Every structure is written in C-alpha cells, then in structure tokens.
Amino acid sequence: NSMLSNKCLYEPVILGVNLECLKSGDGDIIYPINEQVPVMSTSQDGANTTTATFGPWSFKPSCTDFIPSIQSELCVYTDRSFAGNRGISIFTTPQIADEFVRLRPFHDPAILAGINNPEGPWHPQNLPGRGIGLLAKTRIDPGERLMAYTPLLIMHQHHQISIPVRENFLRRAIEQLPDASKEQYLRLATIYGNSSVIVQDVIQTNAFEMQVGGEMHLAIFPEASRMNHDCAPNAQYYLDPLRLTHYVHAVRYISAGEELTIAYSSPLEFVSNRQRHLKESFRFTCGCSRCLAGKTADAALAEMKSIEASLADWTKTSTASTELAEKLIELYRQERLEGFLDTAYRHAALTYNAVGNSAQAKKYAQLAADSGAMKDGPEAPNVRGMKELLKHPEKHWSWRRRMQR
Ligand SMILES: C[S@@+](CC[C@H](N)C(=O)[O-])C[C@H]1O[C@@H](n2cnc3c(N)ncnc32)[C@H](O)[C@@H]1O
C-alpha cells in the first residue's frame, strides 16, 4: 500500500529555475564537490550501535530550516547499503522518508533480485552530435527487458529554497553515496556545465519524474539516463513504485548496433511542440525521422487524434467502427509508435467488445495489457481494466454497448 504513484515522465526539471542565470556569491557557500560537507556523525566508523539511532540511514539526516510552503523541513537521507551497496540518497520531508522506509527494498533486499545488473544487452558509446548513447549488442526482441535499476538520488521537487542551499544539501546527498555510485552520478551529462551547480545540472539533464507521498520527486537512474531521445522510440519505460525500480523494455525488434531510444517529449504532440520542448529543456535540435518528416508526421498524428475522438464517442451518433479501430492501429505502426500502441489496442478491444465480438476483443485486450505494462507498469489502471475485459468480456461495461439502438 504505497504512496508512490506510477507516473513517470521525462520532463524538464526544477521548473522555473534557470541554472544558467545563477550568479555565484549571493551569500550562500557552495561546497566543492570533493570537499566533505560537514557531517554530524556517521554509523560508518566502527560502532554499529549508532545504526539504530538513524533507522536504516547511514548518517544522521541533515535538514534545512522549516519551509512554510510545505510545512516541513527537507532532509538528506542516505542508505549506503541499499540494493547491494549501490546506495541511495533521498532529499525529502521526514514524513515521506518514513514512507520510503516502509518500502520492501529497504528491509527485504531479496525483492531486488535480478535488478541492478552491471551488464545489459547494450553498451554505451560516444555518438556524433548526441553525446553518449546505448547501442544494442545483439538483436533484441519486442517485449524484452533492456534494463531495471534503482535510483541513486531522489529529490523532492520544491521551489522555496535557493539554488545554492539546495546544491549544498544535494552535494551532501551525493558525497554520502558509495564512491562508485558517486562517481557514476558525477560523470552524467550536464546542460549548463557550471560546476558550482553540478548536482542540479545533472538532475536537470537526466531526471525522471516520480510521484512520492503525493509530492513530485525527481529521480536519477544513471544507466537509463544514457538513452537518447527519439520521437518514435524503440524502448519504453516505467517506474515500479514498490520496488523503486525503473524498467525499460524493447517495444519492437532492435537490430545489433542500433541505438536504444526513449521519448523525452510526448511523441503524440505535434512536431513544433516537441521541437520547442526538446530545445528548451534539453538543448538539442531533434533530427529524428518523425521530426524530419514534419508535416507528413503531423498529418498522421491529426488523423490518429480524430479517429481516437470517434472511438471515444459512445453516443448514438458515433462513427466508431472496428474498421476505424484497425486503421488507428495501422497508423500507430506506420508512425513507429509501437511504444504507445496500448491506446490503439485498448480502443480496438472496446470497439470489438461493443459489437459483441469477444474473440477479437480478447485478442486486443491482451495486446493492450502487454503494451500498457511496458509503458505504465503491470499494475496500471488501464492494464488492470484490459485484464478484466480479457477475463469476462460479456461482463465488461463495453459489451454490446454499440448494438443497443
Ligand atoms: C539524458 S541525457 C542522454 C545521454 C547523453 N547523450 C549522455 O551523453 O549522457 C540528455 C542529453 O543527451 C543529448 N541528447 C539526447 N537525445 C538526443 C538527440 N536525439 N539528439 C541529440 N542530442 C541528444 C542532449 O544533449 C540531452 O541534453
């Protein structure tokens, strides 16, 4: 019964804060990254009796002043032994930290079996004009898991403390991680290249959004961060709220040597919106095939949206039909949006069920559930809904719904 929602978007972070505009010397000292930020006391040196004092945390949590807008302070919590000594640091409220502690990975390490593998079916490589990217080592099948990792850092996304103050706390969070994890974090790509705010620069460039305890948090998964963007990505990701794990799956065949990609910006937005978002938030000009196709890709998208509106119309005058549902699937495939096909499959399942064709309804419900599980996680409401339809099509609200006159 977790407080973590399943929503995870690759979105610009620290909204409303421009790290570039930061003038240093506004009173707050930023500690250099390798200078140990003063820590009150630690459970690391010898005496394991002190461990009990901070619960699962390896150090005494260090906290900001009380922040009126969230009616709380924010503290740095580090568990160096988390996930087989990969470690994790969390900058959040004491209340939300308590919710984290109740998650199974914190007291039942076996739940993370098979997670955080050092190797995957990909290898990082420097790519012209794209920085580091991940290339497939072998041919990969659709549905294959590409990676599953726990985060190194999770940060409460609040706006009421200054950049230097936040940087100091986040620096402590990174310093307190095991060395290998700390170095992995600091090697990640940055946008601004201003070393005095490097920890936030890495967050801005690499974070995934994650709802925790009803509050937006940003999480850094360094392996997943190496995947570059494409508006027709060959991989899809989701966060498992109970395992604190970020999963990535292949959504179509990927050939050996092909780059693994995810979408940072919704591929269901029109090209100018996608381009603007990617430029503003990530500072690159997207040159993917759907961006190059421009108007043609936009026209396909417009047609998809119009068909979706018809299929979502359950009034008597609706033009919905199984042919339209099949056409929608074809358009998603044509646009290479396999990673987002769950929507089209769901429409097809409902449309077939609505005309009493339970065999086709079940076929598409299964496809929608499989596709949705890679995008929103196996426990997502849409996925559960499709599994319900699959079990009892004739008990589903959509059964023969378009046959009643
Ligand atoms: C999360 S990182 C991805 C990994 C990064 N390439 C690296 O070297 O670690 C995001 C940054 O990668 C680059 N990037 C991602 N997708 C790209 C693309 N399709 N074309 C060009 N650059 C891209 C941009 O600089 C972006 O700010």
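As the structure is a prediction and not an experimental result, all values here were calculated from the model.

Colleague: Give a detailed account of the overall build of the protein, specifying residues and quantitative values.
Modeller: Per the secondary structure count, the protein includes 12 helices and 13 strands. Among the 405 residues that make up the protein, the fraction classed as buried is 53%. Put simply, of all contacts in the protein between residues at least 6 apart along the chain, 67% involve residues at least 24 apart. For the protein, the exposed area adds up to about 18,000 Å²; of that, 51% sits on carbon and sulfur atoms.

Colleague: Pulling in residues and values, what's your account of the state of the cysteines?
Modeller: Across all of its chains, the model carries 1 disulfide by this definition. Through a disulfide, C63 is tied to C75; the S-S separation comes to 2.0 Å. Handedness of the C63-C75 disulfide follows from its S-S torsion of about 105 degrees: it is right-handed. With C63 in strand 1 (residues 62–63) and C75 in strand 2 (residues 75–79), this residue pair connects regions lying 12 residues apart in the sequence. Note on C75: relative accessible area 1%, which makes it buried.

Colleague: Describe the sheet that holds strand 12 (residues 245–250), listing the residues and the values that go with them.
Modeller: Taken in spatial order, the 3 strands line up as 6-12-11 in an open sheet, and their pairing is antiparallel. If you trace the sheet from one side to the other, it starts and ends with strand 6 (145–149) and strand 11 (235–240), each paired once. When the angles between neighbouring strand axes are averaged without regard to direction, this sheet yields 15 degrees. With 4 bridges connecting them, strand 6 and strand 12 associate as antiparallel partners. When the sheet's bridge partners are listed, M147 is paired in strand 12 with V248. This element, helix 11 (residues 358–376), spans strand 11 and strand 12 of the sheet and lies at about 70 degrees to strand 11.

Colleague: Can you tell me about the confidence of the model for the protein, naming the residues and giving the values?
Modeller: Summing up the model confidence of the protein, the mean pLDDT is 88 and the portion of residues at 70 or higher is 87%. Taken as a whole, residues 20–51 scores under 50 in pLDDT and shows 53 contacts with residues more than four places along the chain or in a different chain. For this predicted complex, the interface confidence score (ipTM) comes to 1.00, while the overall pTM stands at 0.89.

Colleague: Account for the pairing of strand 11, with residues named and values stated.
Modeller: Residues in a regular strand project their side chains so that they alternate between the two faces of the sheet. Burial analysis of strand 11 places 6 of its 6 residues in the buried class, the great majority of the element. Burial along strand 11 is two-sided: A235, Y237 and L239 facing one way and Q236, Y238 and D240 facing the other are all buried. Pairing between strand 11 and strand 12: 6 bridges, direction antiparallel. By the bridge assignment for strand 12, A235 is matched with A250. Hairpin remark: strand 11 followed by strand 12, antiparallel, with 4 residues in the connecting loop; positive phi at L244, about 50 degrees.

Colleague: Describe the environment of E223, with residues and values.
Modeller: The residue E223 is located in the loop between strand 9 (215–220) and strand 10 (228–229) in this model. Overall, E223 belongs to the buried group, its relative accessible area being 12%. Sequence separation of E223 and R346 is 123 residues, and the distance between their C-alpha atoms is 31 Å. Apart from the residues lying within four places of it in its own chain, the contact partners of E223 are R86, W122, L134, M147, Y149 and Q184.

Colleague: An account of the packing of aromatic side chains is requested, with residue identities and associated values reported.
Modeller: This structure, assessed with the given rule, holds 12 aromatic pairs. Judged by centre distance (5.6 Å) and plane angle (15 degrees), the rings of F91 and F169 are stacked. With F91 in strand 3 (residues 88–92) and F169 in helix 3 (residues 163–175), this pair connects stretches of sequence that are 78 residues apart. One aromatic cluster is present, formed by W57, Y77, F82 and F106 through successive ring pairs. Taking the ring centre of F270 as reference, the NZ or CZ of K305 above it sits at 5.6 Å. Lying across the ring of W314, R402 places its NZ or CZ 3.8 Å from the centre.

Colleague: How would you sum up the packing of helix 10 (residues 342–354) against helix 12 (residues 381–391)? Please name residues and give values.
Modeller: Packing of helix 10 against helix 12 leaves a shortest axis separation of 11 Å and a crossing angle of 30 degrees. By the angle between their directions, the pair helix 10 and helix 12 is classed as roughly parallel. Considering the relative orientation of helix 10 and helix 12, their crossing is left-handed. On the side of helix 10, the interface is formed by R346, A349, L350 and N353, while helix 12 contributes N382, M386 and L389. Here the residues of the contact of helix 10 with helix 12 are counted per class, giving 4 nonpolar, 2 polar and 1 charged.

Parameters at a glance
- Residues numbered from 1 in each chain as written.
- Predicted model: local features only at pLDDT ≥ 70, side-chain atom pairs only at ≥ 80, totals over all residues.
- Heavy atoms only, no water.
- Helix = DSSP H or I, 4+ residues; strand = E, 2+ residues; numbered from the N terminus.
- Buried < 20%, exposed > 50% of the residue type's maximum accessible area, 1.4 Å probe, protein only.
- Contact = heavy atoms within 4.5 Å.
- Areas by Shrake-Rupley, 256 points an atom, 1.4 Å probe, with all protein chains shown as cover.
- Disulfide = S-S within 2.5 Å.
- Pairing = 2+ DSSP bridges.
- Axes fitted to C-alpha atoms, helices over the stretch in contact; angles between N-to-C directions.
- pLDDT = per-residue confidence, 0-100.
- Phe/Tyr/Trp six-rings, centres within 6.5 Å; stacked < 30°, edge-to-face > 60°.
- Lys NZ or Arg CZ within 6 Å of the ring centre and 35° of its normal.
- Parallel < 35°, antiparallel > 145°, perpendicular 65-115°, else oblique.
- Left-handed = near helix turned anticlockwise from the far one by under 90°.
- Nonpolar A, V, L, I, M, F, W, Y, C, P; charged D, E, K, R; others polar.

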